[in-house]
Amino acid sequence: MINTMECAVDAQSLISISLMKIHNSRTQRGGIKLHKNLLVSYVLRNARQVYIKEKYAEIYRMQQYEEVMTVCNEIQELNPLDLDAEDADDEEQARAACCGEEASLCGSACHRDAAQPAAHARTASALPGCEEDCKEPEPSYYRSCCMEASPVSHCDQFPANSSAHCNKTTVLDLDTHVVTTVENGYLHQDCCCDALQCGQGAQSPAKKRKVEFGCCVSDVEEVSDFTAARKRAKREDCSYSHPDYTDTSNISNLISIFGSGFSGLLSRQADLEQICSKQVLASLGAWTRAIVAF
Amino acid sequence: MAVVVVLKANDVQWCFSQVKGAIDDDVAEADIISTVEFNHSGELLATGDKGGRVVIFQQEPECKSQPQCRGEYNVYSTFQSHEPEFDYLKSLEIEEKINKIRWLPQQNAAQFLLSTNDKTIKLWKISERDKRPEGYNLKEEDGRYRDFNTVTTLRVPVFRPMDLMVEASPRRVFANAHTYHINSISVNSDCETYLSADDLRINLWNLEITDRSFNIVDIKPANMEELTEVITAAEFHPNQCNTFVYSSSKGTIRLCDMRASALCDKHSKLFEEPEDPNNRSFFSEIISSISDVKFSHSGRYMMTRDYLSVKIWDLNMESRPVETYQVHEYLRSKLCSLYENDCIFDKFECCWNGNDSVVMTGSYNNFFRMFDRGYRQDVTLEASRENSKPRSVLKPRKVSTGGKRKKDEISVDSLDFNKKILHTAWHPMDNIIAVATTNNLYIFQEKLN
């Protein structure tokens, strides 16, 4: 449990400070310092854990409020003798009990669609369907992200159309020059299933085109930094074939660090992790645009 | 009846002896001292700086008129050890900064030391020349060749005294063995081999052979994205030539025995203290990273330095240190600011005194701390130009941590974090210490009556 009380800055600021440090280390004399960047990545991880936890708490609060409102509305609409609706309530509670906090968020989202019995049946079958779609590494992914004891089950799938926060963020990988435009970005909860559809789709065309980064970055003042960073990345990219240098270029890849670098952040399945990490970044809000642009 | 006089532990008073380096506050980056090391006799004191230079000071023999006054250290030799290089393959500049200097035990008239930057280790021979041959038949004194026709007699050249000249010459260059940045070198007690450690690997060298080294530790994971820790320091045991230790960024120390296997990835002992869960913060991983590890002269103990403390470990007990000394615990609440200004990444070194009874390490505001292990006392002293009158006794300093600040105390917020003492060294036999501020080297001696 990270004690945040003694820290003068919040998790969000720490994340941006840390990313700036990693960026600056790329242009430092003497090359990238592996030790320092490793330590900074730990701070990033810790700050992100706290930030995501706070986000979850906020969403949970919002969901609870919406749930209360929905229940109130339905009580007004429903016939008191309608037994199916009551069964749906019981089943949702049972699901919540066994699946934990995040699942109850899912359950409540499913519950939104479960006003009609037909929809309820569809949701119930969607959950096992979600299990099939979700690849096996997810639980460990979430667990390692949040560093919480309570495991997150497979059944935390938001229906795509319930996504309330739509973000469109362009992310440039400076080492591979892959541009990914992330749409419908949300918390990483839903990224693993959606990612297979939207992430892969976004990735393959991106790989084929060379970046004109001027059109992707809207913040003009960042272009100069961006240029310098990109030029440096391009130089580094020329020597990409050297096996040991590939390792340091992994370190310098901010997306890689944020998403999948160093244990405790993510595990296995590099592609999925890359996509998930970009989703995470996308979901952190507009303020990440500047950092993501690095 | 016998009367026993018991000396108080803090009877040792430290006096200013000398300060080396520029006086002006404008510090040239090349002059920043990056390493300090006494040789095995204590007669020589070497410093390395960011500009790649090595300066060696020699202690003057004790003057007969003042037998109580230990000799001063004066410049003995200065040479450029490393130059900046450019790795064209990786488009990376290799800094010339001297990361470490280690002396070899003296075996003949010459002195040998190893100096290293991020990538290359060099063996330097420092020798004296106080005679030169004169009376060549074929050459004039200035070196020009004589006309044969003018040679009418033959003579035997003889050595004549000359002004002392100290020459430093590179005898070996150990290059191209490290992908990552070298942080440590350590000479083995067998005087034939030495180790060099970078972030992920440790190599074993023979001092005579430059084109080959053996990798003895490799902690690089198959997938770099699984990297969790790096090597931060390594040292050979002072007596057992088969034993060495290396510390990690996770706060662990591994002791390895080279007799067990050729590749020492599997440690013989793992020294680790469990983390206090109440102290967990954003920066827990940073402050637990070990910046230095040093064996005691006896070889029974080792000392580690992390950001806030010094720990003494008994080699026979892996579960926790036998002693822990807080260097500047008042900084724990300032970690956020120290992270922002990068001070939290400062790598402080530590050192033992000659008989392993006192340990010393640096802090901020040009403070340095000594911990007496026997009497459980500690003292904070300051290296500053204000206290640099010859033989003036250093007054203990105190940082006020509570609300009320006593007279002569300094508040935490007044500390100058740009003035840091990262490198200190203790004479192997006497109470003489060398303390490096940013660009000055202070030498303090024990006050003798």
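Residues numbered from 1 in each chain as written. Chains lettered and ligands numbered in written order. Predicted model: local features only at pLDDT ≥ 70, side-chain atom pairs only at ≥ 80, totals over all residues. Heavy atoms only, no water.

1. Quick notes on the overall build of chain A
Moving on, step 1. Each helix and strand counted, chain A has 13 helices and two strands in total.
Moving on, step 2. Of all 294 residues assigned to chain A, the portion counted as buried reaches 52%.
Moving on, step 3. Here the analysis covers contacts within chain A between residues at least 6 apart in sequence; of these, 70% occur between residues at least 24 apart.
Moving on, step 4. Entry remark: accessible area of chain A is about 13,600 Å², with carbon and sulfur atoms responsible for 54%. (Helix = DSSP H or I, 4+ residues; strand = E, 2+ residues; numbered from the N terminus. Buried < 20%, exposed > 50% of the residue type's maximum accessible area, 1.4 Å probe, protein only. Contact = heavy atoms within 4.5 Å. Areas by Shrake-Rupley, 256 points an atom, 1.4 Å probe, with all protein chains shown as cover.)

2. Section: the sheet that holds strand 11 (residues 158-174) of chain B
In a beta sheet, neighbouring strands are held together by backbone hydrogen bonds and run either parallel or antiparallel to one another.
All names here are of chain B.
Moving on, step 1. Read from one edge of the open sheet, four strands run 8-9-10-11, paired in antiparallel fashion. Each end of this open sheet is capped by a strand with a single partner; those strands are strand 8 (100-103) and strand 11. When strand polarity is set aside, the average angle formed by the axes of neighbouring strands in this sheet is 25°. (Pairing = 2+ DSSP bridges. Axes fitted to C-alpha atoms, helices over the stretch in contact; angles between N-to-C directions.)

3. A look at the environment of Leu-331 of chain B
Residues and elements named next belong to chain B.
Moving on, step 1. Tracing the chain through its elements places Leu-331 in the loop between strand 23 (323-326) and helix 2 (335-340).
Moving on, step 2. For the pair Leu-331 and Ile-185, spaced 146 residues apart in sequence, the C-alpha to C-alpha distance is 30 Å.
Moving on, step 3. The contact partners of Leu-331, leaving out residues within four places of it in the chain, are Tyr-307, Leu-308, Leu-338, Tyr-364, Val-412 and Phe-417.

4. Some words on the pattern of salt bridges
Moving on, step 1. On inspection of all chains with the given rule, the structure shows 34 salt bridges over all chains.
Moving on, step 2. For the salt bridge of Arg-53 of chain B with Asp-49 of chain B, the shortest nitrogen-to-oxygen distance reads 2.9 Å.
Moving on, step 3. Because the salt bridges share partners, they merge into one network encompassing Arg-29 and Lys-33 of chain A together with Glu-93, Glu-95 and Glu-96 of chain B. (Salt bridge = Lys/Arg side-chain N within 4 Å of Asp/Glu carboxyl O.)

5. Looking at the confidence of the model for chain A
Residues and elements named next belong to chain A.
Moving on, step 1. Of the residues in chain A, 24% reach a pLDDT of 70 or more, and the chain-wide mean stands at 54.
Moving on, step 2. When the elements of chain A are averaged for pLDDT, helix 13 (residues 288-292) gives the smallest value, 33, and helix 1 (residues 11-25) the largest, 93.
Moving on, step 3. Low pLDDT, under 50, characterises residues 94-166; the predicted model gives this stretch 118 contacts beyond four residues in sequence or across chains.
Moving on, step 4. Every residue in residues 184-294 is under pLDDT 50, and counting partners more than four places away or in other chains gives 237 contacts. (pLDDT = per-residue confidence, 0-100.)

6. A short note on a nonpolar patch on the surface
Moving on, step 1. Where nonpolar side chains cluster on the molecular surface, the patch consists of Tyr-65, Val-68 and Met-69 of chain A and spans about 310 Å² of accessible area.
Moving on, step 2. Tracing the chain through its elements places Val-68 of chain A in helix 2 (residues 34-77). (Patch = residues over 30% accessible without salt bridge, like charges linked within 9 Å, V, L, I, M, F, W, Y side chains within 5 Å.)

7. Things to note about the nonpolar core
Moving on, step 1. Counting 38 residues, the largest nonpolar core has Phe-283, Tyr-307, Leu-331, Tyr-339 and Ile-344 of chain B as the members making the most contacts within it.
Moving on, step 2. When contributions to this core are tallied by element, the ones reaching two or more residues are helix 1 and helix 2 of chain A together with helix 1 (284-288) and helix 2 of chain B.
Moving on, step 3. By size, the runner-up hydrophobic cluster in this structure holds 16 residues, among which are Ile-421, Ile-433, Tyr-442 and Phe-444 of chain B. (Core = buried A, V, L, I, M, F, W, Y, C linked by side-chain atoms within 4.5 Å.)

8. Looking at unusual backbone geometry
Residue and element names in this part refer to chain B.
Moving on, step 1. Here the phi dihedral of Ser-91 falls at roughly 50°; this positive angle occurs in a residue that is not glycine.
Moving on, step 2. For Asp-342, which is not glycine, the phi torsion reads 75° and is therefore positive.
Moving on, step 3. Here Asp-342 shows up in the loop between helix 2 and strand 24 (350-352).

9. As for the sheet that holds strand 32 (residues 441-446) of chain B
Residue and element names in this part refer to chain B.
Moving on, step 1. In spatial order, the strands read 1-32-31-30; together these four strands make up an open sheet with antiparallel pairing. The strands lining the two open edges of the sheet, one partner per strand, are strand 1 (14-20) and strand 30 (423-426). Strand-to-strand twist in this sheet, taken as the mean axis angle between neighbours without regard to direction, amounts to 20°.
Moving on, step 2. Taken together, the five bridges between strand 31 (residues 432-436) and strand 32 define a ladder with antiparallel strand orientation. Pairing of Ile-432 across the sheet is with Gln-445, part of strand 32.

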